[in-house]
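Observations on the model geometry
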Amino acid sequence: MQTPKTLRTATAATVTQRHKPWTVLSAMNARPTSRPVALTRRYEVSWIDEDGQFESFMRIAPAIPVFEEAFSAFAHGALIATTEGPVAVEDLEPGMGIETAAGTVETLRWLGAITLIPDAPNADEAPARLYRVTADAFGLARPGADVTLGPAARLMNRDPTIRNALGCEAALAPVASFVDGVNVVEINLVSPVRVYHLAFDGHHVIRTGGLEVESYHPGPDAHYSMSREMRDVFLSFFPHIATMQGFGRVLWPRFEEQADGEYEIV
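Below or above, wherever it landed, is the structure these notes cover.

About the cut-offs
- Here the residue numbers are simple positions, counted from 1 along each chain's written sequence.
- Predicted model: local features are reported for residues with pLDDT of at least 70 only, side-chain atom pairs are reported and counted for 80 or more only, and whole-chain, interface and lining totals are derived from all residues.
- Remark: hydrogens and water are excluded; side-chain values derive from all non-hydrogen atoms of the structure.
- Only runs of H or I of at least four residues qualify as helices and only runs of E of at least two qualify as strands under DSSP, and these elements are numbered from the N terminus.
- Only protein chains enter the accessibility calculation, which uses a 1.4 Å probe; a residue is then buried when its area is under 20% of its type maximum, exposed when over 50%, and partly exposed in between.
- We call two residues contacting when some pair of their heavy atoms lies within 4.5 Å.
- For the accessible areas, the method is Shrake-Rupley and the probe is 1.4 Å, while residue cover comes only from the protein chains on display.
- At least two DSSP bridges between two strands are needed for those strands to be called paired.
- Salt bridge, as applied in this entry: a Lys or Arg side-chain nitrogen positioned within 4 Å of an Asp or Glu carboxyl oxygen.
- Polar contact criterion, stated in full: a pair of N or O atoms within 3.5 Å, where within protein one must be able to donate a hydrogen and the other to accept it, and residues adjacent in sequence count only if both atoms are side-chain atoms.

1. So, the overall build of the chain
The number of helices and strands found in the chain is four helices and 20 strands. When each of the 266 residues of the chain is scored for burial, the buried share is 39%. Expressed as a percentage of contacts within the chain between residues at least 6 apart in sequence, the contacts between residues at least 24 apart total 57%. When the accessible surface of the chain is summed, it comes to about 15,300 Å², and 51% of that surface belongs to carbon and sulfur atoms.

Structure, rendered in structure tokens:
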């Protein structure tokens, strides 16, 4: 039988505390909690090399925002303007001619895809969402029909407020900044959805159902957010590019609106 151990406080109050026998279970409970498991994701890439040869691969890598943003601008079914007419993003292949908002035709060099899973843990605090831009949200046939975009999509913004704030004719803004619940609607995932991004020999703005959406570019300062090891992993997703400078210059300024209503170039 265990005897109580008496502890006295400064007020002379008596507290009793019973000794518990040591057991294997108590020893296990005393162990420190295990380290959190690093989140990973499956990234799928296809591209054409300098000889025009088609290549593809799948790779498991950390599920961190700077990686995922390179793969998640267009939702499954989004129509991309090509020289062969509108083509669903999932049916595109590197080597196809893509029409740009500037009126030129650029060769698609790279296509990346990931699958977003509802309620899946991620490195970001907010769960991944899609964004539906309804027909005529930005004017007649802009877009011509509803378009669903991924969380990394950036749209051309030509609002005079942007011109006054940033001193430029137009700028690229994240699709989330346009959400108003009517013209641009945020969608919570209820089933797995594949999302995509496209890259060319340089930064471009392409047409998606009448919307002007940027092609992939990590931004001029992306290398500052990664260690050298992570940067090497990141560049391995883009076999047609040797260094971060290989993405070229950013065609239009990219900005995000801050909580205080100010605009920040990113």
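2. A look at the side chain of Ser46
By secondary structure assignment, the location of Ser46 is in strand β3 (residues 40-48). Judged by its relative accessible area of 11%, Ser46 falls in the buried class. When near neighbours in sequence (up to four residues on either side) are disregarded, Ser46 contacts Phe54, Glu55, Ser56, Pro94, Arg109, Trp110 and Leu111.

3. Structural notes on the pairing of strand β7 (residues 85-88)
The sheet contact formed by strand β6 (residues 79-82) and β7 spans four bridges and is antiparallel. Within β7, the residue paired with Leu79 across the bridge is Ala88.

4. With respect to the pattern of salt bridges
Counted by the stated rule, this structure contains nine salt bridges. Residues joined by salt bridges that share partners form a network here, namely Arg42, Glu44 and Arg194.

5. Some remarks on the environment of Tyr131
The residue Tyr131 is located in strand β11 (residues 129-133) in this model. Taking the C-alpha atoms as reference points, Tyr131 and Ala153, 22 residues apart in sequence, are found 9.0 Å from one another. Reaching out from Tyr131, the side chain makes a polar contact with the side chain of Glu186 at a distance of 3.5 Å.

Just geometry here; none of it tells us what the structure is for.
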